[in-house]
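Spelled out from the first residue to the last, the chains are:
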Amino acid sequence: MRMNISDYTAVSLAAAIANVEVSPFDAMTEYLGKIRDDILLNNFINVCVDQALDEAERIGRDIKNGKRFDDKKLLGVPVAVKDNICTAGVQTTCASRLLSKFVPDDDAEVISRLKRAGAIIIGKTNMDEFAFGSANEYSAFGSVRNALDNNCVAGGSSGGSANSVAAGEAPLALGTDTGGSVRQPAAFCGVVGLKPTYGAINSRGVIGLCPSMEQVGTLSKTCDDALLLFSVLSGRDELRALDGSVRGITVGVAKEFLQAEKSDGVARAFENAIGQLKALGVNIVEVSVPSFFAGLPTYHVLSSAEAMHSFRKVVDAYPDTVLLGDEVKRRMLTGATVTDGENYDKLYIKAAKVRTVITAEYDKALSCCDALLSPTAATVASPIGGMTDPQQEHMCDSYLAPVSLAGLPAVSVPFGKENGLPIGLQIIGKRNAEREILNIGKALMNAVR
Ligand code: GLN
């Protein structure tokens, strides 16, 4: 009988494999079949067919032979990995022609941790070139097509990762988030995207260009799966399972989140979520983060400056910069401009100061509640090719960038739809409060089930 792999979450698949109800080889075969069937979604730059099947077979054999795997939380579970995370012996391109032949010698720390937990890398996912973008249309390997509407974008820059989970091609995926790149595609694809606290997950071996913001994040169908993957990546084994109970907690809504631009559907979902939380016994309080509207320009000045600096190292090794796409070039140019001459003080240092204000305001807002609620993105996914103005694309990140500047953890959970496309809501937590925000996410998702 053909198993219905899309019925499994990572938690239930890991349990079924450990209990010898599902063979890891059969599960892997199903996921690989799904990737093949959906090839037009363009979620993967490289599928690790042979390695993944070999590994699944070996694990299956060991389980049958009675080997004990008590410490392996992800035994036999396939994980899709964004292509800016180094995988030993497997091409890692950052979706750039510049790195199309780069094969790292070593695994990134997160890959080592996944493997130690028994997970199997199923393939490397499509992304915006060097992780700059919000639509996954700046990939040298072509756009990702949203699994729920093939004419729409999947969001970016971790578009292939979010969309592979949405399409049922992998139960879990890794992304990276500098200014929204896990949360925004999660919202567009209707999955859960967690950006952990800055520094919570070791980023050795991630080809990141903005070291002061970039963070590996998780994509999954449920908040329980996000917690499982996060605990493996961060080594935080003490995190209790989620119970979805939120009675008595306090959630803050900043008035700037209410004022900021958003589509009618997103506005309705946001109000509806506030109502649902109240009905579940949550105290809703109004707070304020007046620097909210400065978040996006501040993010762009700082991230471009950092990227330009980091990129020098890449270019030393791979000087053929004619191979770069336009958006990467624009960011480098911005980075050079904002740090040049008197702009250094006027723009770069000023942005660094504004960052401290933003951080202080978010911390202050969070001092009178347990978490903040906002939309993830101002709209649902747009049609492929529909966003021709880079400025308009950068606008996608207004709810996300300030959170990255402040280094706070945040999760996007699917909550309602507009024009048939998923809407995401963002729950922002105090530092290291990943479990708490995922628990609120679980409560919200249960409320709309
Ligand atoms: N969309 C944002 C940008 O284009 C976020 C990128 C990211 O988080 N890597 O910069």
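Worth saying up front: this structure is predicted, and the values here are computed from it rather than measured. Every chain begins its residue count from 1, and numbering advances along the sequence as written. Two thresholds apply to this predicted model, a pLDDT of at least 70 for residue-level local features and 80 or more for giving and counting side-chain atom pairs, whereas whole-chain, interface and lining totals are computed over all residues. Side-chain metrics in this entry use all non-hydrogen atoms of the structure; hydrogen atoms and water are not considered.

(A) Highlighting the site of the ligand. Neighbouring the ligand are 13 residues; Thr-178, Gly-179, Ser-181, Tyr-299 and Arg-331 lie closest to it. Polar contact is the term for a pair of N or O atoms within 3.5 Å; when the atoms are in protein, one must be able to donate a hydrogen and the other to accept it, and sequence-neighboring residues count only if both atoms are side-chain atoms. Taking Thr-178, its main chain carries an N or O atom lying 2.7 Å from an oxygen atom of the ligand. When the free accessible area of the ligand is taken as 290 Å², the share hidden by the protein chains comes to 99%. Split by residue class, the shell around the ligand holds 3 nonpolar, 7 polar and 3 charged. Only heavy atoms are used to decide nearness, and a residue is near a molecule or strand if one of them lies within 4 Å of it. Here the open area of atoms and residues is found with the Shrake-Rupley method and a 1.4 Å probe, where only the protein chains shown may cover a residue. Residues are grouped as follows: Ala, Val, Leu, Ile, Met, Phe, Trp, Tyr, Cys and Pro are nonpolar; Asp, Glu, Lys and Arg are charged; every other residue, Gly included, is polar.

(B) Inspection of the nonpolar core at higher detail. Of all hydrophobic cores here, the largest spans 125 residues; its most connected members are Leu-74, Leu-114, Leu-174, Phe-257, Tyr-362 and Leu-373. Take this core: its biggest share by element is 8 residues, from helix H7 (residues 223-234). Other than its neighbours up to four places away in sequence, Leu-74 contacts Leu-114, Ala-117, Gly-118, Ala-119, Leu-172, Leu-228, Leu-229 and Val-232. Judged by nonpolar contacts, the second largest core, of 20 residues, contains Ala-95, Leu-98, Phe-130 and Leu-209. Nine residue types can take part in a nonpolar core, namely buried Ala, Val, Leu, Ile, Met, Phe, Trp, Tyr and Cys, and a core is a set of them joined through side-chain atoms within 4.5 Å. With a 1.4 Å probe rolled over the protein chains alone, any residue whose accessible area is under 20% of its type maximum counts as buried; one over 50% counts as exposed, and the rest are partly exposed. Strands here are runs of E lasting at least two residues and helices are runs of H or I lasting at least four, both read from the DSSP assignment and numbered beginning at the N terminus. Two residues form a contact once any of their heavy atoms are found within 4.5 Å.

(C) Molecular detail of the environment of Ser-367. Structurally, Ser-367 can be placed in helix H12 (residues 343-367). Of the residues examined, Ser-367 reaches a relative accessible area of 57% and is grouped as exposed. Between the C-alpha atom of Ser-367 and that of Ala-80, which follows or precedes it by 287 residues, the distance is 36 Å. At 2.5 Å, the side chain of Ser-367 and the backbone oxygen of Lys-364 are in polar contact.

(D) Structural context of the packing of helix H10 (residues 295-317) against H12. Where H10 contacts H12, the axes come no closer than 9 Å and their chain directions differ by 125°. It follows from the interaxial angle that H10 and H12 lie oblique. The handedness of the crossing between H10 and H12 is left-handed. Of the residues in H12, those touching H10 at Gly-295, Thr-298, Val-301, Leu-302, Ala-305 and Glu-306 are Leu-347, Tyr-348, Ala-351, Ala-352, Val-354, Arg-355 and Ile-358. Note on definitions: angles span 0 to 180 degrees between N-to-C directions of axes, and those axes are lines fitted to C-alpha atoms, for helices only across the stretch in contact. Here is the rule for angles: anything less than 35 degrees is roughly parallel, anything more than 145 is roughly antiparallel, 65 through 115 is roughly perpendicular, and the remaining ranges are oblique. By definition, any crossing whose near helix is turned counterclockwise from its far helix by less than a right angle is left-handed, and any crossing with a clockwise turn is right-handed.

(E) Quick peek at unusual backbone geometry. Of note, the bond from Gly-156 into Ser-157 is cis; its omega dihedral lies within 30 degrees of zero at 10°. Of note, Ser-157 is situated in the loop between strand S3 (120-125) and helix H5 (159-166). A positive phi angle, close to 70°, is found at Ala-131, a residue other than glycine. Tracing the sequence through the fold places Ala-131 in the loop between S3 and H5. Under the relative-accessibility criterion, Ala-131 is labelled buried at 12%.

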